[in-house]
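Listed below are the residues making up each chain.
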There are 2 protein chains.
Amino acid sequence: MVSIKDIAKKAGVSISTVSYALNGSPKVTDETCARILAIAKELNYTPNAAARTLKKRESKIIGVFLTDFSGPFYGHLLQGIKEYLNGHDYELIVCSGSQSHRFLPERMIDGAIILDAAFTDEELLQHADRGHKIVVLDRELIHPNINQVLLDNKAGANLAADYVLEKGHRKLYVVAGPQDSYDSDKRLHAVRQTVGRYKDVDCTELPGSFDKESGEKAARRILEAYKEPAAVLCLNDEMAVGVYNTVAESEYRIGEHIHIIGFDNIELSAYVSPRLATIDYSKHKWGALAAEQLLKLIAGEKVEHERIYVTLVKGESVGDV
Amino acid sequence: MVSIKDIAKKAGVSISTVSYALNGSPKVTDETCARILAIAKELNYTPNAAARTLKKRESKIIGVFLTDFSGPFYGHLLQGIKEYLNGHDYELIVCSGSQSHRFLPERMIDGAIILDAAFTDEELLQHADRGHKIVVLDRELIHPNINQVLLDNKAGANLAADYVLEKGHRKLYVVAGPQDSYDSDKRLHAVRQTVGRYKDVDCTELPGSFDKESGEKAARRILEAYKEPAAVLCLNDEMAVGVYNTVAESEYRIGEHIHIIGFDNIELSAYVSPRLATIDYSKHKWGALAAEQLLKLIAGEKVEHERIYVTLVKGESVGDV
DNA sequence: TTGTAAGCGTTATCAC
DNA sequence: GTGATAACGCTTACAA
């Protein structure tokens, strides 16, 4: 491996002069600077990240932590984060799994964006206590080193519930997400609140886990008890797709017997037939805003918690044309 | 930041003893070892990754490089890589964008898995020349430090072409991928070869770029020239979905006027209607095998290039029921 | 303008 | 068994 020492030797200068030249310090003559740069290029020199990180105590790398790599909307979210970071001299790495949690305390990264229920609140607070900067996308955590950029789950769930209720539905099912999911929890509470304003609504809550299988399972229970047209509020789109799968194998029809609305507006929801009604928000903006907040936190600027707004996407899945 | 120096001071021992204890060396007494470990925990000690990487000249981190984060099958691929690596004491980070290319030469990572046309062959060969270990998923590159784990594009394209040809189609369209894509290139050549064996086939090649938009564009050209039922070979599923979109807005029907087959078997292809015929392969296995080859390369073991086999998925999109 | 030297947090080679 | 000490590659006062 070629280091600044090798360059110094070949150029007949000291390593500090090489370091200055490489970092474009004005202290060194244009002439020697040029000579050193030429030799560096000739020797194919590349700086050693570990050494620089060790010395400067920063890596210029931000880590994004996801529960898994398969989320249907991670692409846009990560793209938003990446674009912001690259425009601000930071690099992005994506991590998943508990083993990668060490990256933060080990100072491999300068900050973290969390969308991963595998992190406990305690763990994040502990990191924050030790001075690490964190932006959370999936929980509420109050700490000077932690900033929240959260979806407006309440507004979204209200929009969804009002939509089917206004269509006249009085037989309702809600398919919930995992117990430990912040988003599911908020959405469920908002639905309960909205539904509670109507006294003639029969609302049944079904467990789920934000994946297709749990949607299929819920659908089987709904179909078994079928007596009259019912509306199904799925707390995310993936479960709604699961409901589609099961209903497709039955004598019933989505948009006719089973009306359904999801949450997230994933790409698939535009391709299932009939089109799934859902709640939309900009994943790109969510990511970009999270990145912006994190860099501000790192720079020591004061930041407020942020909220991502949502809109209703109508669809034939609730009988709308 | 608490370092081994702090632990040494508090324990009244030298830093080398602390290091030994922390690394479970048998040289230190169980007693002192336990005491040191207790103090480390008490002080909330975590090792500094940069320092360890600098000294040991390895990071135990593997980087996966993707063109972007939105690929519809990256989830399974990454999961396969992650599972293998985590079972072998390595951690995975996912990178995208030319800025992140520096991770390899800067020795931030111990090896790289490449599925990213933004890397040139020259760049990769240069890294390999400097001793970096690389597994390529998207090109053929011969170098002792580079291993290939490639899809059997030829077999897949042959399967797809034979499938529609055996259905009796003689009017064919091929929607190609980007010019710089290895997979597209291989698939296109295989299709040409298969089609060449029939002298009565009229085959038109259309440009594309592996995204929906290019599929839509190709479909518009196909529909404008429509005279009789035609078969469309899309060199990946995303473009096939684009064709669906455009055909859906016309008077023609997929599986009746326009027969179509894709490549990749992405999740969406099972949800478009009618179901898209396509070429399937295990993305999970592809990732796991790539990871395995890379660790062998790093360990200095001899490795052979590998191939991922493909199968045909029939579908109503070619009139099959 | 350039050189000297200390130090970032580890690991590892020696002595004792 | 344990302790000095050098080294990894780099940055940055401070000295010359």
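The shown structure was predicted, so the numbers you read here are calculated from the model rather than taken from an experiment.

Caption draft 1: Quick peek at unusual backbone geometry. Residues and elements named next belong to chain A. Looking along the chain, the bond that leaves Ser273 and enters Pro274 is cis, with omega of 0°. Structurally, Pro274 can be placed in the loop between strand S9 (258-261) and strand S10 (278-280). The phi dihedral of Phe210 falls on the positive side, at around 65°, and the residue is not glycine. By the secondary structure assignment, Phe210 is in the loop between strand S7 (202-206) and helix H9 (212-224). Its identity is not glycine, yet Asp264 carries a phi of approximately 120°, on the positive side. Residue placement: Asp264 occurs in the loop between S9 and S10. What makes Asp264 buried here is its relative accessible area of 5%.

Caption draft 2: Up close: the pattern of salt bridges. What the rule picks out here adds up to 32 salt bridges over all chains. Arg52 of chain A is the salt-bridge partner of Glu106 of chain B, the closest N and O atoms lying 3.4 Å from each other. Here Glu106 of chain B, found in the loop between strand S2 (91-96) and strand S3 (111-115), pairs with Arg52 of chain A, found in helix H4 (residues 49-56), and the two come from separate chains. A relative accessible area of 32% means that Arg52 of chain A is categorised as partly exposed.

Caption draft 3: Structural context of the environment of Val195 of chain B. All names here are of chain B. By the element assignment, Val195 lies in helix H8 (residues 182-196). As a C-alpha pair, Val195 and Ala161 span 34 residues in sequence and 7.2 Å in three-dimensional space. Not counting the four nearest positions on each side in its chain, Val195 is found in contact with Leu172, Val201 and Cys203.

Caption draft 4: How the structure looks around the UniProt feature "domain: HTH lacI-type" (unreviewed entry) in chain A. Summarizing the sequence annotation, UniProt attributes the feature "domain: HTH lacI-type" (unreviewed entry) to residues 2-56 of chain A in the numbering used throughout. From the first C-alpha to the last, residues 2-56 of chain A spans 20 Å; its make-up is 67% helix and 0% strand.

Caption draft 5: Structural detail: the domain arrangement of chain A. Looking at chain A, the domain boundaries give domain 1 (4-47), domain 2 (59-151 + 283-309) and domain 3 (153-280). When each unit is reduced to the centre of its C-alpha atoms, the spacing between domain 1 of chain A and domain 2 of chain A is 36 Å.

Caption draft 6: Fine view of the sheet that holds strand S8 (residues 230-234) of chain B. Residues and elements named next belong to chain B. Taken in spatial order, the four strands of this open sheet run S7-S6-S8-S9, and their pairing is parallel. Looking at strand neighbours, the two that pair on one side only are strand S7 (202-206) and strand S9 (258-261), the edges of this open sheet. Across this sheet, the average inter-strand angle for adjacent strands is 20°, counted without regard to direction. Relative to S8, strand S6 (residues 171-175) runs parallel, the two being bridged by four bridges. Within S8, the residue paired with Leu172 across the bridge is Ala231. Here helix H10 (residues 237-248) sits on the sheet and contacts S6, S8 and S9; the angle it forms with S9, its principal contact strand, is near 160°.

Caption draft 7: Quick peek at the relation of the copies chain B and chain A. Expressed as a screw operation, the relation of chain B to chain A combines 0.0 Å of axial shift with a rotation of 180°, fitting to an RMSD of 0.1 Å. In short, the pair behaves as if placed about a two-fold rotation axis. The residues that chain B uses at the interface reappear at the interface of chain A in 100% of cases, marking a shared surface.

Caption draft 8: The arrangement of the packing of H4 of chain A against helix H4 (residues 49-56) of chain B in detail. It is the contact of H4 of chain A with H4 of chain B, at a shortest axis distance of 8 Å, that shows an interaxial angle of 140°. Considering their axes alone, H4 of chain A and H4 of chain B lie oblique with respect to each other. The hand of the H4 of chain A/H4 of chain B crossing is left-handed. Contacts from Ala50, Ala51, Thr53 and Leu54 of chain A in H4 of chain A reach Ala50, Ala51, Thr53 and Leu54 of chain B in H4 of chain B. Looking at the contact of H4 of chain A with H4 of chain B residue by residue, the classes come out as six nonpolar, two polar and no charged.

Caption draft 9: Local environment of the sheet that holds strand S8 (residues 230-234) of chain A. Residues and elements named next belong to chain A. Reading across the sheet, the four strands line up as S7-S6-S8-S9 and stay open at both edges, with parallel pairing between neighbours. Looking at strand neighbours, the two that pair on one side only are S7 and S9, the edges of this open sheet. The average angle at which neighbouring strand axes cross in this sheet is 20°, direction not considered.

Caption draft 10: Main features of the protein's contact with DNA strand D. Near DNA strand D lie 30 residues; those nearest to it are Ile4 and Tyr45 of chain A together with Thr17, Thr29 and Arg57 of chain B. Each atom of DNA strand D within 4 Å of the protein was assigned to sugar, phosphate or base; sugar and phosphate come to 58%. At 2.8 Å, a backbone N or O of Ser14 of chain B approaches a phosphate oxygen of DNA strand D. Only helix H1 (4-11), helix H2 (15-22) and H4 of chain A together with helix H2 (15-22) and H4 of chain B provide two or more residues apiece to the surface near DNA strand D. In the surface near DNA strand D, the residues fall into 11 nonpolar, 11 polar and eight charged.

Caption draft 11: Region of the structure containing the protein's contact with DNA strand C. Neighbouring DNA strand C are 30 residues, the closest being Ser16, Thr17, Thr29 and Arg57 of chain A together with Tyr20 of chain B. Across the atoms of DNA strand C situated within 4 Å of the protein, the share located in sugar and phosphate is 57%. With respect to DNA strand C, the side chain of Ser16 of chain A contributes an N or O atom lying 3.0 Å from a base oxygen. Between DNA strand C and Lys55 of chain B there is a distance of 3.2 Å, counted from a base oxygen to a side-chain nitrogen or oxygen. The set of elements that each furnish at least two residues to the surface near DNA strand C consists of H2 and H4 of chain A together with helix H1 (4-11), H2 and H4 of chain B.

Caption draft 12: Structural view of the environment of Ala219 of chain A. All names here are of chain A. Along the chain, Ala219 falls in helix H9. Owing to a relative accessible area of 1%, Ala219 belongs among the buried residues under this scheme. Taking the C-alpha atoms as reference points, Ala219 and Leu151, 68 residues apart in sequence, are found 27 Å from one another. Contacts of Ala219, omitting those with residues within four sequence positions, involve Val243 and Thr246.

Cut-offs and rules
Residues numbered from 1 in each chain as written. Chains lettered and ligands numbered in written order. Predicted model: local features only at pLDDT ≥ 70, side-chain atom pairs only at ≥ 80, totals over all residues. Heavy atoms only, no water. Helix = DSSP H or I, 4+ residues; strand = E, 2+ residues; numbered from the N terminus. Buried < 20%, exposed > 50% of the residue type's maximum accessible area, 1.4 Å probe, protein only. Salt bridge = Lys/Arg side-chain N within 4 Å of Asp/Glu carboxyl O. Contact = heavy atoms within 4.5 Å. UniProt positions renumbered as here; feature names shortened; annotations may be inferred. Domains from an automatic or database assignment. Pairing = 2+ DSSP bridges. Axes fitted to C-alpha atoms, helices over the stretch in contact; angles between N-to-C directions. Least-squares fit on C-alpha atoms with pLDDT ≥ 70 in both. Parallel < 35°, antiparallel > 145°, perpendicular 65-115°, else oblique. Left-handed = near helix turned anticlockwise from the far one by under 90°. Nonpolar A, V, L, I, M, F, W, Y, C, P; charged D, E, K, R; others polar. Near = heavy atom within 4 Å. Polar contact = N/O pair within 3.5 Å; in protein donor to acceptor, adjacent residues only side chain to side chain.

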